[in-house]
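Below are the chains, spelled out letter by letter.
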Amino acid sequence: MREKQYYNDYYLENNITYEQGLYNIVRTPCGSGKTFHCLNFITEPERFTTRLGKHQDTKLCLYVTDTSALRESVVSDYETKTGRKVAERDERKNLTVWTYSRLAYELKKYRGKEDVFLRRYDYIFLDEIHQLFKYSERFDKRTKALSQDENVALYNDIIDLLPIFREETTLICLSATPKPLIDFIHDTDDE
């Protein structure tokens, strides 16, 4: 019987790279260490990003989670491991951690200029990305119906911008069940 291997070890042993211009999908089972890998990727640039041709001092990351609880866990783990604070707003710190709803809200501020926002980050991690599609189906119509504001932040706005995310930064999508993302790619990409 084969011993369980965590994604972080698999990544290093197999010289996996993340590339700008692609949907870098990390599809591994629950509990395989996807979030742990991302924190190592962010906090140990000498092991990870120098292989990618990025200078370790320029590595700015946005990590997006599906829940506030996961957000708090990522923030706590990062701050414990590094002794550095996570960015709360528009600060130029190594790591910013938001929920999908916060990302949708922030993107509304850049309507028509989302590429300016995205270029600030070397890497954007979308954790539990399948949840983004579920939230869009579950909440967007109701949110729009209840709001009189045309600028209401919707999950679908993030989904619509995924091709721009892919082009402007190195996008890393994490999920044990990425089928909604894969369907989106097949429906929207001609590559």
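The structure contained in this document is the topic of the report that follows.

Basis of the calculations
Residues numbered from 1 in each chain as written. Predicted model: local features only at pLDDT ≥ 70, side-chain atom pairs only at ≥ 80, totals over all residues. Heavy atoms only, no water. Core = buried A, V, L, I, M, F, W, Y, C linked by side-chain atoms within 4.5 Å. Buried < 20%, exposed > 50% of the residue type's maximum accessible area, 1.4 Å probe, protein only. Helix = DSSP H or I, 4+ residues; strand = E, 2+ residues; numbered from the N terminus. Contact = heavy atoms within 4.5 Å. Pairing = 2+ DSSP bridges. Salt bridge = Lys/Arg side-chain N within 4 Å of Asp/Glu carboxyl O.

**Points about the nonpolar core**
Move 1: Counting 30 residues, the largest nonpolar core has Leu103, Phe117, Leu126, Leu162, Phe165 and Leu181 as the members making the most contacts within it.
Move 2: Breaking this core down by element, the ones donating at least two residues are strand S2 (61–65), helix H4 (100–108), helix H5 (114–118), strand S4 (123–126), helix H6 (129–146), helix H7 (155–168), strand S5 (170–175) and helix H8 (179–188).
Move 3: Those residues within four positions of Phe117 in sequence are excluded, and the remaining contacts are Leu62, Trp98, Leu103, Leu107 and Tyr110.
Move 4: Counting 21 residues, the second largest nonpolar core, distinct from the first, contains Tyr18, Val26, Cys38 and Ile42.

**With respect to the pairing of S2**
Move 1: Burial of S2 is extensive: five of the five residues sit out of reach of the surface.
Move 2: Every second residue of S2 is oriented toward a common face, with Cys61, Tyr63 and Thr65 on one face and Leu62 and Val64 on the other, all of them buried.
Move 3: Two strands pair when backbone bridges link them, and S2 and strand S3 (residues 95–99) are joined in this way by five bridges, in the parallel orientation. Considered in S3, the bridge of Tyr63 is made with Val97.
Move 4: Sheet analysis places S2 next to S4, joined by four bridges and oriented parallel. Note on S4: the bridge partner recorded for Val64 is Leu126.

**Comments concerning the pattern of salt bridges**
Move 1: By the definition in use, this model includes nine salt bridges.
Move 2: Note that Glu106 and Arg102 form a salt bridge whose closest N and O atoms lie 2.8 Å from each other. Residue Glu106 and its partner Arg102 are located together in helix H4, separated by four residues, close to a single helical turn.
Move 3: With a closest N to O distance of 3.2 Å, Glu106 and Lys109 form a salt bridge.
Move 4: The class for Glu106 is buried, based on a relative accessible area of 7%.
Move 5: Through salt bridges with shared partners, a single network forms among Arg102, Glu106 and Lys109.

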